[in-house]
Amino acid sequence: MRERLRALLVRFRDQVTGGESEQGLWTGVFVLVLALVAAAVLILAGGGGSGPLKQPPAALPTSTMDAAGAWNPYAEVPGAAGAASRAAAQWTPVVRTFVNTFLGASHDPHWLARARPAVTPQLLGRLRHVQRRKVPTGAAGDIKVQASGTYSVDLTVSFGSGSALGVRVVDLPKDDRGWMVYSYESR
C-alpha cells in the first residue's frame, strides 16, 4: 500500500512539475492535502460552492430552522405550547373562516377569494387546483389542539357526522399578517 501511494505521488509530481525533484513531490503532496481539507470543510459546512453559508436569523430560536436555514413551522419548541394556547383567541376565527369557506367551495364560486385572507400565499397557490365538486360540505365544529409550538398549531376540526379536517395554522415571523392556515388534510 505504501509503495502504491508513493508511486501515485511520484506520478502526480511528474505531471505537475515535469521532473524528479524531491521538492516537487512535497509540493504535490501539500496541494493534494490542501484540496482534500478544503473539500471536507465545504461538505461538512454544507456549502457546495453555491453561495455563502446561510445563518438563521438571530430573532428566532435555531431549533425552528430546517437544515437549509429556512424557518420550519413544523418545528416544536419545548415549552411553547402555552404561547400558542394563549393565542387561541387570535387563530380560532382564522381556522373557522378557512374551514367554513373550504367546506362551502362546492356551491360558492368565489370561495377562493373568501379564503385568501385566512391562508398563506403558498397554500392559496395550491388551493387553486382544488376540484370544488370533490370538496365535502359542512360547517366547522369542535376544534382540538393536537400539537403546538410558538409559531404553529396543529388542529383537528370536526364537521358533519364524524368527519374532520387537520389544519395547521402558523404565525409567520416578521410578516405582520398574524395567524394563517398553512396546510390542511382530511382526518
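Residues numbered from 1 in each chain as written. Predicted model: local features only at pLDDT ≥ 70, side-chain atom pairs only at ≥ 80, totals over all residues. Heavy atoms only, no water.

Comments concerning the overall build of the protein chain
Turning to step 1, where the next piece is worked out: Each helix and strand counted, the protein chain has 6 helices and 4 strands in total.
Turning to step 2, where the next piece is worked out: Starting at the N terminus and ending at the C terminus, the protein chain contains elements arranged as α-α-α-α-α-α-β-β-β-β.
Turning to step 3, where the next piece is worked out: Looking at the 187 residues of the protein chain, the share that counts as buried comes to 32%.
Turning to step 4, where the next piece is worked out: Residue pairs in contact within the protein chain that sit at least 24 positions apart in sequence constitute 45% of those at least 6 positions apart.
Turning to step 5, where the next piece is worked out: Accessible surface, the protein chain: about 11900 Å² in total, of which carbon and sulfur atoms supply 58%. (Helix = DSSP H or I, 4+ residues; strand = E, 2+ residues; numbered from the N terminus. Buried < 20%, exposed > 50% of the residue type's maximum accessible area, 1.4 Å probe, protein only. Contact = heavy atoms within 4.5 Å. Areas by Shrake-Rupley, 256 points an atom, 1.4 Å probe, with all protein chains shown as cover.)

Some thoughts on the pattern of salt bridges
Turning to step 1, where the next piece is worked out: Taken as a whole and judged by the stated rule, the model has 3 salt bridges.
Turning to step 2, where the next piece is worked out: The closest approach of N and O atoms between Asp108 and Arg114, which form a salt bridge, is 2.7 Å.
Turning to step 3, where the next piece is worked out: Assessed through its relative accessible area of 15%, Asp108 is described here as buried.
Turning to step 4, where the next piece is worked out: The exposure class assigned to Arg114 is partly exposed, which follows from its relative accessible area of 48%.
Turning to step 5, where the next piece is worked out: Close ionic contact of Arg187 with Glu185 constitutes a salt bridge, the shortest N to O distance being 2.9 Å.
Turning to step 6, where the next piece is worked out: What makes Arg187 partly exposed here is its relative accessible area of 36%.
Turning to step 7, where the next piece is worked out: The partly exposed category is assigned to Glu185, whose relative accessible area is 42%. (Salt bridge = Lys/Arg side-chain N within 4 Å of Asp/Glu carboxyl O.)

Observations regarding helix α4 (residues 88–103)
Turning to step 1, where the next piece is worked out: Here α4 contains 16 residues, and its C-alpha end-to-end distance of 22 Å stays within 8% of the 22 Å for a straight helix at 1.5 Å per residue.
Turning to step 2, where the next piece is worked out: Listing the buried residues of α4 in full gives Trp91, Val94, Val95, Phe98, Val99, Thr101, Phe102 and Leu103. (Expected span 1.5 Å × (residues − 1).)

Structural notes on the nonpolar core
Turning to step 1, where the next piece is worked out: With 27 residues, the main nonpolar core has Trp91, Phe98, Val99, Phe102, Val169 and Val181 as its most contacted residues.
Turning to step 2, where the next piece is worked out: Elements represented by at least two residues in this core include exactly α4, α5 (111–115), α6 (121–127), β2 (152–159), β3 (163–171) and β4 (179–186).
Turning to step 3, where the next piece is worked out: Here this core takes 7 residues from α4, the largest share from any one element.
Turning to step 4, where the next piece is worked out: Other than its neighbours up to four places away in sequence, Phe102 contacts Trp111, Leu127, Val130, Val135, Leu165 and Tyr184. (Core = buried A, V, L, I, M, F, W, Y, C linked by side-chain atoms within 4.5 Å.)

Focus on the sheet that holds β4
Turning to step 1, where the next piece is worked out: The 4 strands lie next to each other as β1-β2-β3-β4, forming an open sheet whose pairing is antiparallel. The two strands at the open ends of the sheet, each matched to only one other strand, are β1 (140–148) and β4. Taken pair by pair, the neighbouring strands of this sheet meet at an average axis angle of 30°, ignoring direction.
Turning to step 2, where the next piece is worked out: Here β2 runs beside β3; their pairing, made up of 8 bridges, is antiparallel. Across the sheet, residue Val157 finds its bridge partner in β3, namely Leu165. (Pairing = 2+ DSSP bridges. Axes fitted to C-alpha atoms, helices over the stretch in contact; angles between N-to-C directions.)

A few points about the pairing of β1
Turning to step 1, where the next piece is worked out: The sheet contact formed by β1 and β2 spans 6 bridges and is antiparallel. What sits directly across from Ser148, in β2, is Val153.
Turning to step 2, where the next piece is worked out: Turn length for the β1-β2 hairpin, with the two strands adjacent in sequence and antiparallel, is 3 residues.

Points about the side chain of Thr101
Turning to step 1, where the next piece is worked out: Along the chain, Thr101 turns up in helix α4.
Turning to step 2, where the next piece is worked out: A polar contact of 2.6 Å, which involves the side chain of Thr101, links it to the backbone oxygen of Thr97.
Turning to step 3, where the next piece is worked out: Beyond its immediate stretch of four places on either side in the chain, Thr101 contacts Trp111, Arg114 and Ala115. (Polar contact = N/O pair within 3.5 Å; in protein donor to acceptor, adjacent residues only side chain to side chain.)

With respect to the environment of Arg96
Turning to step 1, where the next piece is worked out: Structurally, the position occupied by Arg96 is in helix α4.
Turning to step 2, where the next piece is worked out: Assessed through its relative accessible area of 32%, Arg96 is described here as partly exposed.
Turning to step 3, where the next piece is worked out: Along the chain, Arg96 and Val157 lie 61 residues apart, while their C-alpha atoms are 8.7 Å from each other.
Turning to step 4, where the next piece is worked out: Those residues in contact with Arg96 that sit more than four places away from it in its chain are Ala140, Gly141 and Ile143.
Turning to step 5, where the next piece is worked out: Engagement of the side chain of Arg96 in a polar contact is seen with the backbone oxygen of Ala140, the distance being 3.5 Å.

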